[in-house]
Amino acid sequence: MNWTIEVVPVPVTDMDRAKEFYAERIGFAVDLDDEVSPGVRIIQLTPPGSRCSIALLEGMVTPPGAKTMEPGTLHGLQVCVTDIEAARAGLVERGVRVSPVRHLGPGGWEEGRGGTWNSFMTFEDPDGNGWVVQEAPSELSER
């Protein structure tokens, strides 16, 4: 049996602001924006080419035994692109504050591209949730 990661909840304070950020600035597709039951709104967005989506939730009751994340506490969620410099340029063009491209060198993090699988950049959403973008050598379907 496969265990696939398909949806990751991202805690936000303002659903519409977050939707605009992820859809218009980052370029995720809006799959769903619906009040699924009275007072419960879900916005689901998917990065281009990904089988895993993010969910912005409002009014959702926490399942028994589960914990909640406060807005701005999700960090390290990672997406991959095949051209990190083009991805960075697109984000900057759309007004996203993004780090320089960095790689892990002998002395730690250094600016500039690294070798295969060793080029990264970071950004945060309006609530401070932190994302990592890594350059991959090919599209996921080709690996």
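Everything discussed here concerns the structure shown above.
Remember, it's a predicted structure, so these values are computed and weren't measured experimentally. (Residues numbered from 1 in each chain as written. Predicted model: local features only at pLDDT ≥ 70, side-chain atom pairs only at ≥ 80, totals over all residues. Heavy atoms only, no water.)

Undergrad: Lay out the overall build of the protein chain with the relevant residues and their values.
TA: Helix and strand counts for the protein chain stand at 2 helices and 9 strands. Scanning the protein chain from its N terminus toward the C terminus, one meets helices and strands in the order β-α-β-β-β-β-α-β-β-β-β. Taken along the three principal axes of its C-alpha coordinates, the protein chain extends 50 × 40 × 25 Å. The 143 residues of the protein chain split such that 35% are buried. The contacts of the protein chain with a sequence gap of at least 6 include a subset with a gap of at least 24, amounting to 53%. Summing over all exposed atoms, the protein chain offers an accessible surface of approximately 8800 Å²; the carbon and sulfur share of this is 52%. (Helix = DSSP H or I, 4+ residues; strand = E, 2+ residues; numbered from the N terminus. Buried < 20%, exposed > 50% of the residue type's maximum accessible area, 1.4 Å probe, protein only. Contact = heavy atoms within 4.5 Å. Areas by Shrake-Rupley, 256 points an atom, 1.4 Å probe, with all protein chains shown as cover.)

Undergrad: Account for a negative patch on the surface, with residues named and values stated.
TA: Taken together, the side chains of Asp14, Asp34, Glu35 and Glu58 present a region of like negative charge at the surface. Tracing the chain through its elements places Asp14 in the loop between β1 (7-9) and α1 (15-26). With a relative accessible area of 34%, Asp14 lands in the partly exposed category. (Patch = residues over 30% accessible without salt bridge, like charges linked within 9 Å, V, L, I, M, F, W, Y side chains within 5 Å. Salt bridge = Lys/Arg side-chain N within 4 Å of Asp/Glu carboxyl O. Lys, Arg positive; Asp, Glu negative; His and termini not counted. Charge placed at Lys NZ, Arg CZ, Asp CG, Glu CD.)

Undergrad: Would you mind going over the layout of surface pockets in detail, with residue names and values included?
TA: Reported here for the largest pocket is a volume of approximately 930 Å³. In terms of lining residues, the largest pocket is bounded by 34 residues, among which Pro47, Pro48, Ser50, Val79 and Cys80 are the most central. Listing elements by their share of the lining of the largest pocket, those giving two or more residues are β4 (53-58), β5 (75-81), α2 (84-93), β8 (120-124) and β9 (130-135). Sort the elements by how many residues they give to the lining of the largest pocket and β5 lands first, with 5 residues. The class makeup of the residues in the lining of the largest pocket is 21 nonpolar, 8 polar and 5 charged. Size it by volume and the second largest pocket reaches roughly 430 Å³. (1 Å grid on protein atoms, 1.4 Å probe; cavity = no way out; pocket = protein on both sides within 12 Å on 5 of 7 lines; lining within 4 Å. Points joined across faces, edges and corners; volume = space filled by probe spheres on them. Nonpolar A, V, L, I, M, F, W, Y, C, P; charged D, E, K, R; others polar.)

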